[in-house]
Amino acid sequence: MDDQKNNEGEWEEAIHRADLSTDGYDFALGLEDALTLLVYHKGSGRSGMYQYSKFGTDWNFLRQVNFPGLEELQGQLLGRVAQGGKLIFYQEKRLIAMVTKIFS
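This one's a predicted model, so the numbers in the text were calculated from it and none came from an experiment. (Residues numbered from 1 in each chain as written. Predicted model: local features only at pLDDT ≥ 70, side-chain atom pairs only at ≥ 80, totals over all residues. Heavy atoms only, no water.)

1. Some points on the side chain of Thr36
This is how it is decided: Strands are runs of DSSP state E lasting at least two residues, helices are runs of H or I lasting at least four, and both sets are numbered from the N terminus onward. Burial classes follow relative accessibility: with a 1.4 Å probe on protein chains only, a residue under 20% of its type's maximum area counts as buried, one over 50% as exposed, and anything between as partly exposed. Two residues qualify as a contact provided that any one of their heavy atoms is within 4.5 Å of a heavy atom in the partner residue.
Structurally, Thr36 can be placed in strand β2 (residues 36–42). Judged by its relative accessible area of 11%, Thr36 falls in the buried class. If sequence neighbours within four positions are ignored, Thr36 has contacts with Gly30, Leu31, Gln51, Tyr52, Trp59 and Leu62.

2. So, the sheet that holds β2
Strand pairing in a sheet is mediated by backbone hydrogen bonds. Such pairs are either parallel or antiparallel. Using the following cut-off: The pairing criterion for strands is at least two bridges between them, as found by DSSP. Every angle, taken between N-to-C directions, lies between 0 and 180 degrees, and every axis is a line fitted to C-alpha atoms, over only the stretch in contact when it is a helix.
The antiparallel open sheet is built from four strands, whose spatial order is β1-β2-β3-β4. The sheet terminates laterally at β1 (25–33) and β4 (58–65), the two strands that pair on one side only. With direction set aside, neighbouring strand axes in the sheet form an average angle of 30°. Across six bridges, the pairing between β2 and strand β3 (residues 48–55) is antiparallel. Residue pairing for β3: Leu37 is matched across the bridge by Tyr52.

3. Concerning the pattern of salt bridges
The line we're drawing: Each salt bridge in this description consists of a side-chain nitrogen of Lys or Arg and a carboxyl oxygen of Asp or Glu lying within 4 Å of one another.
Across all of its chains, the model carries one salt bridge by this definition. Across the pair Arg17 and Asp19 runs a salt bridge whose closest N-O atoms are separated by 2.7 Å. Arg17 sits in the buried class, given a relative accessible area of 15%.

This is the structure in C-alpha coordinates:
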(Lines give C-alpha, C1' and ligand atoms only; values in the text may rest on other atoms or scores of the structure.)
Protein backbone atom coordinates (compact mmCIF):
# COMPACT_ATOMS: atom_id res chain seq x y z
CA MET A 1 0.00 0.00 0.00
CA ASP A 2 1.16 3.50 -0.71
CA ASP A 3 -0.38 6.38 1.24
CA GLN A 4 0.17 10.06 0.63
CA LYS A 5 -1.29 13.38 1.73
CA ASN A 6 -3.20 15.66 -0.62
CA ASN A 7 -2.68 19.44 -0.96
CA GLU A 8 -4.92 20.03 2.10
CA GLY A 9 -2.70 17.78 4.25
CA GLU A 10 -5.28 14.98 4.48
CA TRP A 11 -4.41 11.35 3.89
CA GLU A 12 -5.66 9.94 0.60
CA GLU A 13 -6.85 6.38 0.11
CA ALA A 14 -4.11 3.76 0.02
CA ILE A 15 -2.92 2.47 -3.34
CA HIS A 16 -2.21 -1.25 -3.68
CA ARG A 17 1.51 -1.95 -4.26
CA ALA A 18 1.80 -5.34 -5.95
CA ASP A 19 5.57 -5.24 -5.42
CA LEU A 20 5.09 -5.19 -1.60
CA SER A 21 1.69 -6.80 -0.99
CA THR A 22 0.36 -10.34 -0.83
CA ASP A 23 -3.21 -11.63 -0.55
CA GLY A 24 -2.54 -12.18 3.17
CA TYR A 25 -1.60 -9.84 6.04
CA ASP A 26 1.21 -7.38 5.21
CA PHE A 27 2.79 -4.87 7.59
CA ALA A 28 5.63 -2.49 6.75
CA LEU A 29 7.85 -2.38 9.85
CA GLY A 30 9.89 0.50 8.51
CA LEU A 31 12.95 1.61 6.61
CA GLU A 32 16.36 0.21 7.52
CA ASP A 33 17.91 2.98 5.43
CA ALA A 34 16.68 5.31 2.67
CA LEU A 35 16.31 2.44 0.17
CA THR A 36 15.66 -0.70 2.25
CA LEU A 37 12.22 -1.58 3.65
CA LEU A 38 11.41 -4.39 6.07
CA VAL A 39 7.95 -5.97 5.60
CA TYR A 40 6.20 -8.72 7.58
CA HIS A 41 3.97 -11.05 5.53
CA LYS A 42 1.58 -13.70 6.89
CA GLY A 43 -0.35 -16.05 4.64
CA SER A 44 -0.68 -16.43 0.88
CA GLY A 45 2.37 -18.69 0.68
CA ARG A 46 4.74 -16.09 2.15
CA SER A 47 5.14 -15.79 5.92
CA GLY A 48 7.88 -13.99 7.82
CA MET A 49 9.98 -10.84 7.51
CA TYR A 50 11.37 -9.78 4.17
CA GLN A 51 13.73 -7.06 2.96
CA TYR A 52 12.90 -5.02 -0.12
CA SER A 53 15.10 -2.49 -1.87
CA LYS A 54 13.85 0.48 -3.85
CA PHE A 55 15.06 0.87 -7.44
CA GLY A 56 13.45 3.90 -9.08
CA THR A 57 9.76 3.73 -8.21
CA ASP A 58 9.66 -0.05 -7.64
CA TRP A 59 10.42 -2.17 -4.59
CA ASN A 60 12.36 -5.38 -5.29
CA PHE A 61 12.63 -8.46 -3.08
CA LEU A 62 16.09 -8.82 -1.50
CA ARG A 63 15.87 -11.65 1.04
CA GLN A 64 13.91 -13.25 3.84
CA VAL A 65 15.04 -12.22 7.33
CA ASN A 66 15.27 -15.06 9.85
CA PHE A 67 15.86 -15.06 13.58
CA PRO A 68 14.87 -17.39 16.46
CA GLY A 69 11.18 -17.34 17.39
CA LEU A 70 9.96 -15.56 14.26
CA GLU A 71 8.20 -18.64 12.87
CA GLU A 72 6.23 -19.02 16.13
CA LEU A 73 4.46 -15.66 15.86
CA GLN A 74 0.68 -15.81 15.57
CA GLY A 75 -1.88 -13.20 14.63
CA GLN A 76 -1.05 -9.72 13.46
CA LEU A 77 2.40 -8.26 14.01
CA LEU A 78 3.02 -4.70 15.13
CA GLY A 79 6.46 -3.15 15.26
CA ARG A 80 9.06 -0.69 14.10
CA VAL A 81 12.62 -0.61 12.80
CA ALA A 82 15.07 1.53 14.81
CA GLN A 83 18.71 2.63 14.74
CA GLY A 84 19.10 2.25 10.99
CA GLY A 85 17.85 -1.32 10.94
CA LYS A 86 20.03 -2.52 13.83
CA LEU A 87 17.00 -2.99 16.12
CA ILE A 88 13.56 -4.37 15.35
CA PHE A 89 10.82 -3.92 17.94
CA TYR A 90 7.85 -6.20 17.39
CA GLN A 91 4.81 -7.50 19.20
CA GLU A 92 2.30 -10.06 18.07
CA LYS A 93 -1.36 -9.22 18.43
CA ARG A 94 -3.46 -12.30 18.91
CA LEU A 95 -7.13 -11.98 18.21
CA ILE A 96 -9.19 -13.94 20.72
CA ALA A 97 -12.79 -14.70 19.93
CA MET A 98 -15.20 -15.62 22.69
CA VAL A 99 -18.47 -17.37 21.98
CA THR A 100 -21.19 -17.26 24.64
CA LYS A 101 -24.26 -19.47 24.54
CA ILE A 102 -27.36 -18.25 26.32
CA PHE A 103 -29.84 -20.87 27.46
CA SER A 104 -33.40 -19.95 28.41
